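# A structural walkthrough
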Amino acid sequence: MINNPTTLQDTDKIIIKGGNRLFGSVDISGMKNAALPILFATILTKSKCVIENLPAVSDVTQSLEILQEMGAIVRYLTPTTVEVDTESFRQGLAPFDLVSKMRGSTYLLGAELGRFGKANVNYPGGCDFGVRPIDQHIKGFEALGARVWMENGYINAEAEHGLFGNSVYFDVTSVGATVNVMLASVLAEGMTIIENAAREPHIVDLANFFNTCGANITGAGTSVIKVRGVKELHGCTYTIIPDMIEAGTFMVAAATTGGRVRVTNIIPKHMETVSTKLIEMGVQIEEHDDAITVTSDGKLKSVNIKTLPYPGFPTDMHPQFGAALCFAEGTGIITEGIWESRFRYTEELGKMGANIIVNGKTATYIGKHQMTGARVKAVDLRGGAAVMIAALAAEGVSEITGVDVIRRGYYDVVGKLKALGADIQ
Ligand code: EPU
């Protein structure tokens, strides 16, 4: 077990008495979806890295446990700073139970392939949005010269003659496949060109981490990333970017409860799509250097949203906006462009009185229905955030079960909401 000094509270439900407006200031943690690729990227440095602003969420702790079980030396320097020494990391079967709990463990494939020329990882877990294919990851590994096959539930990859830079064109824009090809190609011979690459800030963060370790990666943040393989990397000290999804979740919570919250330690540029939608809903947004203040009288207007890869509206903010739309005037529509099966949370909101009609990739939210507290479940990470937001703004008491999934991506969400005035435990 990783000895993380900020051990998360071990509760199995969250109780919220709705109706309190949120006021005050909340500090945002480092970004989970940047931390995971960077932690697995340390494998390629074969040396000591110090990673700062790591969020103490369970996906991160489990990633560190995987690294440790495979031979890395992991040491917490502060509650959010960890030193990872991967010199003694061993290639081999990854710990089955840990890998099957989280999606980010697919990154072991690219990282091990890049360092050892082979990898064996069981099928990774993560939020259940139906089928989560990895065909683009495999296409990328094969383009670099690896053979990939499935056997007994394991994904195996091997580059018998080494990995060589090549052009990789993704048929769909995938964060995971972009990360995995960057991991596999950073030490490969020659130049890899990734086309139709994901442009998310966490892709840029991974490239910045690698370049700090001596890699030669250009174009991250655009749809064409060029990775010129280098012979070796060295360790470094690196600070993870703030979590734009955690920030967006608090912004929507403030807007829905009708409060005034300063969301701090963020990069406002990353919040543009969320801020723009909230402004359309009648919320006041003030941008500062590294913070945003959200002011709302709780009277929201309905909007339509379509989720798309970055810089489009993030799918990971869809459920939270879905909750907000239940309290808005009029009818809003959300069209899901990434995960078609992301609507399971709407059934939970229905238990609180929401009137939502789901039809394929689209849900229609008929706003201003009286929302009342109920027993609901966090069906997945962001679905859990949605029921929390609804419970904060609804009348009466809600009991949320399945909170383990919320801990995967939100550090101390109960403490942070309590500090803003929520009646939560
Ligand atoms: N896809 C394919 N083939 C592939 C890979 C993806 O068809 O080989 C499709 C997927 O089915 C999906 C789309 O491409 O329709 C995008 O998937 P992507 O690979 O970008 O998602 P991911 O890497 O598995 C990451 C985040 C998710 C986030 C998505 C989209 C991590 C660990 N997870 O998943 O985050 O929803 O990108 O932005 O970074 C969350 O944090 O709550 C979460 C689910």
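Residues numbered from 1 in each chain as written. Predicted model: local features only at pLDDT ≥ 70, side-chain atom pairs only at ≥ 80, totals over all residues. Heavy atoms only, no water.

Next up on the list: the sheet that holds strand β7 (residues 147-151). Spatially, the 3 strands line up as an open sheet ordered β6-β8-β7, and their pairing is antiparallel. The open sheet has two free edges, formed respectively by β6 (118-122) and β7, since each of these has just one partner strand. For this sheet, the mean inter-axis angle between neighbouring strands, taken without regard to orientation, is 15°. The sheet contact formed by β7 and strand β8 (residues 154-158) spans 5 bridges and is antiparallel. Following the sheet pairing, tryptophan 149 is matched in β8 by asparagine 156. Contacts from helix α4 (residues 107-116) reach β6 and β8, with the element oriented near 160° to β6. (Pairing = 2+ DSSP bridges. Helix = DSSP H or I, 4+ residues; strand = E, 2+ residues; numbered from the N terminus. Axes fitted to C-alpha atoms, helices over the stretch in contact; angles between N-to-C directions. Contact = heavy atoms within 4.5 Å.)

Bringing helix α5 (residues 135-143) into the picture now. The α-helix winds at 3.6 residues per turn, so residues separated by three or four positions along the chain end up facing the same way. For α5, the set of buried residues is Gln136, His137, Ile138, Gly140 and Phe141. Looking at the buried positions of α5, the neighbouring elements they touch are α4, β7, β9 (167-169) and α6 (175-185). Within two residues after α5, glycine 145 carries a phi angle of roughly 110°, on the positive side. (Buried < 20%, exposed > 50% of the residue type's maximum accessible area, 1.4 Å probe, protein only.)

Scanning all chains against the criterion turns up 5 aromatic pairs. Arranged with centres 6.1 Å apart and planes meeting at 25°, the rings of phenylalanine 89 and phenylalanine 116 form a pair that is stacked. Note that phenylalanine 89 is positioned in the loop between β5 (81-85) and α3 (96-99) and phenylalanine 116 in helix α4, a separation of 27 residues in sequence. A relative accessible area of 3% places phenylalanine 89 in the buried class. (Phe/Tyr/Trp six-rings, centres within 6.5 Å; stacked < 30°, edge-to-face > 60°.)

Within the structure, the ligand sits among 23 residues, and Gln136, Ser174, Val175, Asp316 and Ile338 are positioned closest to it. Between glycine 176 and the ligand, the recorded distance is 2.8 Å, taken from a backbone N or O atom to an oxygen atom. Residue aspartate 316 places a side-chain N or O atom 2.6 Å away from an oxygen atom belonging to the ligand. Contact with the protein chains removes 89% of the 830 Å² of surface that the ligand exposes when unbound. Contributions of two or more residues to the shell around the ligand are made by α1 (32-41), α5, α6 and α12 (381-393). At 3 residues, α5 tops the list of elements feeding residues into the shell around the ligand. Its residues assigned to classes, the shell around the ligand shows 9 nonpolar, 7 polar and 7 charged. (Near = heavy atom within 4 Å. Polar contact = N/O pair within 3.5 Å; in protein donor to acceptor, adjacent residues only side chain to side chain. Areas by Shrake-Rupley, 256 points an atom, 1.4 Å probe, with all protein chains shown as cover. Nonpolar A, V, L, I, M, F, W, Y, C, P; charged D, E, K, R; others polar.)

In space, the 4 strands of this open sheet follow the order β21-β22-β1-β23, with mixed pairing throughout. Taken across any chain shown, the strands that pair with only one partner, and hence form the sheet edges, are β21 (375-377) and β23 (423-424).

Between helix α8 (residues 244-257) and helix α9 (residues 272-280), the least distance of the axes is 10 Å, while the angle of their chain directions is 10°. Judged by the angle between their axes, α8 and α9 are roughly parallel. The segment α8 lies against α9, with Gly248, Met251, Val252 and Ala255 engaging Val274, Ser275 and Leu278. Within the contact of α8 with α9, the residues separate by chemical class into 5 nonpolar, 2 polar and no charged. (Parallel < 35°, antiparallel > 145°, perpendicular 65-115°, else oblique.)

A separate point is the side chain of arginine 382. Examined against the element boundaries, arginine 382 turns out to sit in helix α12. Buried arginine 382, no salt bridge; nearest opposite-charge side chain is aspartate 316, N-O distance 4.5 Å. Filtering out sequence-adjacent residues up to four positions away, arginine 382 remains in contact with Lys32, Asn33, Ile245, Asp316, Pro319, Gln320, Arg342 and Tyr410. (Lys, Arg positive; Asp, Glu negative; His and termini not counted. Salt bridge = Lys/Arg side-chain N within 4 Å of Asp/Glu carboxyl O.)

Time to look at the confidence of the model for the chain. For the chain, the mean per-residue pLDDT works out to 94, and 96% of the residues sit at or above 70. Confidence drops under a pLDDT of 50 for residues 4-10, and excluding neighbours within four residues, the segment shows 18 contacts in the predicted structure. (pLDDT = per-residue confidence, 0-100.)

Turning to the pairing of strand β15 (residues 284-287), a few remarks are in order. The pairing of β15 with strand β16 (residues 291-295) spans 4 bridges and is classified as antiparallel. In the strand pairing of β16, glutamate 287 is matched with isoleucine 292. Remark: 3 residues form the turn of the hairpin made by β15 and β16, two consecutive strands paired antiparallel.

Let us now look at the pattern of salt bridges. According to the stated counting rule, one finds 13 salt bridges in the structure shown. The salt bridge partner of aspartate 171 is lysine 139, with a shortest N-O separation of 3.1 Å. Highlighted residues: aspartate 171 in the loop between β9 and α6 and lysine 139 in helix α5, separated in sequence by 32 residues. Across the pair glutamate 399 and arginine 375 runs a salt bridge whose closest N-O atoms are separated by 3.8 Å. One end of the pair, glutamate 399, is in strand β22 (residues 397-401); the other, arginine 375, is in strand β21, and 24 residues separate them in sequence.

The next point concerns the pairing of β8. Of all 5 residues making up β8, 4 are buried, and the element is well covered by its neighbours. Both β6 and β8 contribute to a ladder of 5 bridges, which runs antiparallel. Note on β8: the bridge partner recorded for lysine 118 is glutamate 158. The hairpin turn running from β7 into β8, its antiparallel successor, is 2 residues long, and asparagine 152 in that turn takes a positive phi close to 50°.

Quick look at α12 now. Over its 13 residues, α12 runs 19 Å from end to end, which matches the ideal 18 Å to within 8%, given 1.5 Å per residue. Within α12, 12 of the 13 residues are buried, which leaves it mostly tucked inside the rest of the structure. Listed as buried for α12 are Leu381, Arg382, Gly383, Gly384, Ala385, Ala386, Val387, Met388, Ile389, Ala390, Ala391 and Leu392. (Expected span 1.5 Å × (residues − 1).)

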